[in-house]
Amino acid sequence: MKNYLREMLRDNGHFFSEEQQDKFLAYLALLNQWNQVFNLTAIRDAKESVLLHILDSLSIRDYLHGNRILDVGSGAGLPGIPLAIALPEKQFVLLDSNHKKTRFLRQVMYELQLKNVDVVHTRCEDFRPEKLFDSILSRAFASIKVMLEITQHLVLPHGQFLAMKGVYPQAELTDIPPKFKLLTVHKLEIKGLAAERHLVVVTHN
């Protein structure tokens, strides 16, 4: 499995230390273990997990804005955990309203000794952090409009909202409220994965 991970990372232009690669694998092992009891993800095949969890999350690495990142509706820790492993210099907060999912995230944080991760169990609307965020991430969370409306109080004035989507989300883009501005839509290329992936980047007007 480690050879497959290393091969897929290399093919997609990612180069990490042995320790980081071991942490990716340890995360997938924990996810598989907890998935036996809690339904954290529908993906159960090991190679699919590398592609759909690790590589998919890492595909937005170069588009993160700033050093303080919020992953809303983090669920099983995607994309937050793989990004935190890849970018130890950035600080990640993983937020989810589901108690069993935040329990899992805290276990991952503890076992992988991720010093740059905090886990928060609450709803976006109720979260009142001491410091606001440079980037707010979402993956399979909600429509872009809903994401913007319920997280707008959490981002810095020049911060960015990054929404991971599958096919080009034309209908969602036309639904962005006027007080927000669409900056760009990146087409994400993931070698080994046939499905379409896009990253929508929005900021305050």
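Residues numbered from 1 in each chain as written. Predicted model: local features only at pLDDT ≥ 70, side-chain atom pairs only at ≥ 80, totals over all residues. Heavy atoms only, no water.

Asks: Talk me through the environment of Ala 140; I want residue IDs and the actual numbers.
Replies: The residue Ala 140 is located in the loop between strand E4 (133-139) and helix H6 (144-151) in this model. What makes Ala 140 exposed here is its relative accessible area of 79%. (Helix = DSSP H or I, 4+ residues; strand = E, 2+ residues; numbered from the N terminus. Buried < 20%, exposed > 50% of the residue type's maximum accessible area, 1.4 Å probe, protein only.)

Asks: An account of unusual backbone geometry is needed here, citing residue identities and associated values.
Replies: Of the consecutive residues Leu 78 and Pro 79, the connecting peptide bond is found in the cis state with omega at 10°. One can find Pro 79 in the loop between strand E1 (68-72) and helix H4 (80-86). Even without glycine at this site, Ala 140 takes up a positive phi of about 55°.

Asks: How would you explain the packing of helix H1 (residues 2-11) against helix H2 (residues 18-35) if you had to name every residue and give the values?
Replies: When two helices pack together, you describe them by how their axes are tilted relative to each other and by the distance separating the axes. Contact geometry for H1 and H2: axes closest at 11 Å, N-to-C directions at 115°. Classed by the angle they form, the pair H1 and H2 counts as roughly perpendicular. At the point where H1 passes H2, the crossing takes the right-handed sense. Across the interface between the two elements, Lys 2, Leu 5, Arg 6 and Leu 9 of H1 pack against Glu 18, Gln 21, Asp 22, Phe 24 and Leu 25 of H2. Split into classes, the residues belonging to the contact of H1 with H2 amount to 4 nonpolar, 1 polar and 4 charged. (Axes fitted to C-alpha atoms, helices over the stretch in contact; angles between N-to-C directions. Parallel < 35°, antiparallel > 145°, perpendicular 65-115°, else oblique. Left-handed = near helix turned anticlockwise from the far one by under 90°. Contact = heavy atoms within 4.5 Å. Nonpolar A, V, L, I, M, F, W, Y, C, P; charged D, E, K, R; others polar.)

Asks: Outline the packing of aromatic side chains, supporting the account with residue identities and numerical values.
Replies: Under the definition given, this model contains 5 aromatic pairs. Their ring planes at 90° and their centres at 5.7 Å tell us that Phe 161 and Phe 180 sit as a pair that is edge-to-face. A residue pair is termed long-range when its members are at least 10 positions apart, and Phe 161 in strand E5 (residues 155-165) and Phe 180 in strand E6 (residues 180-187) qualify at 19 residues. Look at Phe 161 and you get buried, because its relative accessible area is 1%. The class for Phe 180 is buried, based on a relative accessible area of 5%. Every member of this aromatic cluster is reached through a ring pair, and the members are Tyr 27, Trp 34 and Phe 104. The positively charged end of Lys 47 is found above the aromatic ring belonging to Tyr 4, 5.0 Å away from the centroid. Directly above the aromatic system of Phe 133 lies the positively charged group of Arg 68, at a separation of 4.2 Å from the ring centroid. (Phe/Tyr/Trp six-rings, centres within 6.5 Å; stacked < 30°, edge-to-face > 60°. Lys NZ or Arg CZ within 6 Å of the ring centre and 35° of its normal.)

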